[in-house]
Amino acid sequence: MLTEKDQQALISRLSQACGAYSPQTRRKYFISGPQWAAAYEGHALFHAPTRPPVSFEEVIRNYAEIGIGYWTTHDTDVIPTEAIGTDRQAEIVSRIRQALDQHGLQCSMVTTETFHHAVWAAGPAAEAPEVREYAKFRLCNTVDIGHELGASFAVYWPGSLGYQVQGAIEETQTLRWYAEALNAACEHDIETARRKGRPTLKHCLEAKPFEPQAEILLPTSDAMLAFISSGLLTHPEMVGLNPEYLHELMWGAAPRAALARALLAGKLFHFDINDGYRLKHDVDIGIGLVNPLDWLNVLVLLRSHDYHGPFNLDFKPPRTTSAFGVFKVSFPTAVDRFITLWEMAGEVLEDPVIGEATAALKAGGGVTDPRDVEAIVRANQELLTLHELIAHRIFQILIGAHRGRTFSIA
Ligand code: 3MF
Ligand code: MG
Ligand code: MG
């Protein structure tokens, strides 16, 4: 029988056999590691935890060792709800600063938990005014924590903004109330930033189509774009998006197209990276383990629009991974798949076959009469075969065939 130490030695040896980027290389990318992802104990509605709790000190130390240069957190990942806004918070925040400094990490993003605690049973924009006042307090307090830790982004996932049963809440009213909380956070941010001589934070909305409410009022990034420009926000210029790859895929969208719409609106501020399946629950698998080809295409789009991060590793190490495995396998391999796909995206953008094919498609068939439908069809018929050829070439880049890797039964 293998002892625990033998098993860990096996994991280490096989990880090494896989190869890895160095921590220095990993640190060159704007990749952030969430406190909650590393500290996830493997629990769910139908699942008991499989891993013990880990402290922020441990997470920060391990991220540093791996080469993850940025750390992100919910307020209540690190501060118990009852200590929010108290001296205890100040003491915890100063310990976080110390841990970050000691290990050379930066806090890039802070987020308010408005879904877990009983106070959010009816969501952050509930009918009771005291719940909404409390939500404002929590959002403003998170802005304070963000400035204290040197963050540049604040994220809001209003997953509890919705209902289980229809008719009990009025949607327009609830959205107006939700906007009031965001407005309070932006106004508080402007004041705090001025006082501290820091830039204001970028406030990012994150959509998810299902969970935890049965029906969600802002289920997609597109719904959030409409909300941002609805006139309800006092500072729409401070508010953008934190799309999550799987959250878009879950409702059946093409994540790349959803990101394209965010880019066009100038609202792609932050990006949660992970993987999973269409029309399923939020399985939060590590990037590239389900849809590597789609991921490659997503990164081609982002690279060609100069989006260089943050890329926030919002996945959940599977319940089958041990506490040792979380930092030995789960996080380093997720980072490495991201880096590989990112570099491959660079190859796609520079590939001569794709370049020539794309240019030919854009040049079109050269028909000068825009009313000659027959001629237009004929002039483009052969050219359009290039669509499939481009897709094949991207597949070849994914598997390394463009560099001579071959497979054959002969
Ligand atoms: C839920 C999520 C959230 C958000 C987080 C940051 C727990 O599916 O993705 O992670 O990313 O609340 O705002
Ligand atoms: Mg997320
Ligand atoms: Mg998710």
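None of these values were measured; they are calculated from a predicted model.

Conventions adopted
Residues numbered from 1 in each chain as written. Chains lettered and ligands numbered in written order. Predicted model: local features only at pLDDT ≥ 70, side-chain atom pairs only at ≥ 80, totals over all residues. Heavy atoms only, no water. Donors = N, O, S within 2.8 Å, 3.2 Å for Na, K, Ca; no water. Helix = DSSP H or I, 4+ residues; strand = E, 2+ residues; numbered from the N terminus. Buried < 20%, exposed > 50% of the residue type's maximum accessible area, 1.4 Å probe, protein only. Pairing = 2+ DSSP bridges. Domains from an automatic or database assignment. Contact = heavy atoms within 4.5 Å. Salt bridge = Lys/Arg side-chain N within 4 Å of Asp/Glu carboxyl O. Polar contact = N/O pair within 3.5 Å; in protein donor to acceptor, adjacent residues only side chain to side chain.

Where a metal carries four tetrahedral donors, each ideal angle is 109.5 degrees; where it carries six octahedral donors, the ideal angles are 90 or 180 degrees. Ligation of the magnesium ion (ligand 2) by protein atoms is provided by E206 (OE), E244 (OE), D272 (OD) and D314 (OD), these donors lying 1.9 to 2.1 Å from the ion. Along the chain, the residues donating to the magnesium ion (ligand 2) are arranged with the sequence spacing E-x37-E-x27-D-x41-D. Here the magnesium ion (ligand 2) and the magnesium ion (ligand 3) are spaced 4.5 Å apart, and both take E244 as a donor. Of this pair, E206 sits in the loop between β6 (202-205) and β7 (215-216) while E244 is found in the loop between β8 (239-241) and α10 (245-250), placing the two residues 38 residues apart along the sequence. Here the two residues E206 and E244 agree in accessibility, since each one is buried.

Moving on, we come to the pairing of strand β1 (residues 31-34). Each regular strand displays side chains that alternate between the two surfaces of the sheet. Because side chains alternate across β1, one face comprises the buried residues I31 and G33, and the other comprises S32 and P34, equally buried. Relative to strand β10 (residues 311-312), β1 runs parallel, the two being bridged by 2 bridges. Pairing of I31 across the sheet is with F311, part of β10. Pairing of β1 with strand β2 (residues 70-74), which is carried by 3 bridges, proceeds in the parallel orientation.

Our focus in this paragraph is the domain arrangement of the protein chain. Per the domain assignment, the segments of the protein chain are domain 1 (22-349) and domain 2 (352-403). Put simply, the middle of domain 1 and the middle of domain 2, counted by C-alpha atoms, are 38 Å apart. At the interface, 8 residues of domain 1 touch 7 residues of domain 2. Here domain 1 and domain 2 share 1 salt bridge between them. Measuring nitrogen to oxygen at the nearest pair gives 2.2 Å for the salt bridge that ties R403 to E347. Where domain 1 touches domain 2, the interface holds 2 residue pairs in polar contact (both at pLDDT 80 or more). Secondary-structure elements contributing two or more residues to the side of domain 1 that touches domain 2 are α12 (292-304) and α13 (323-350).

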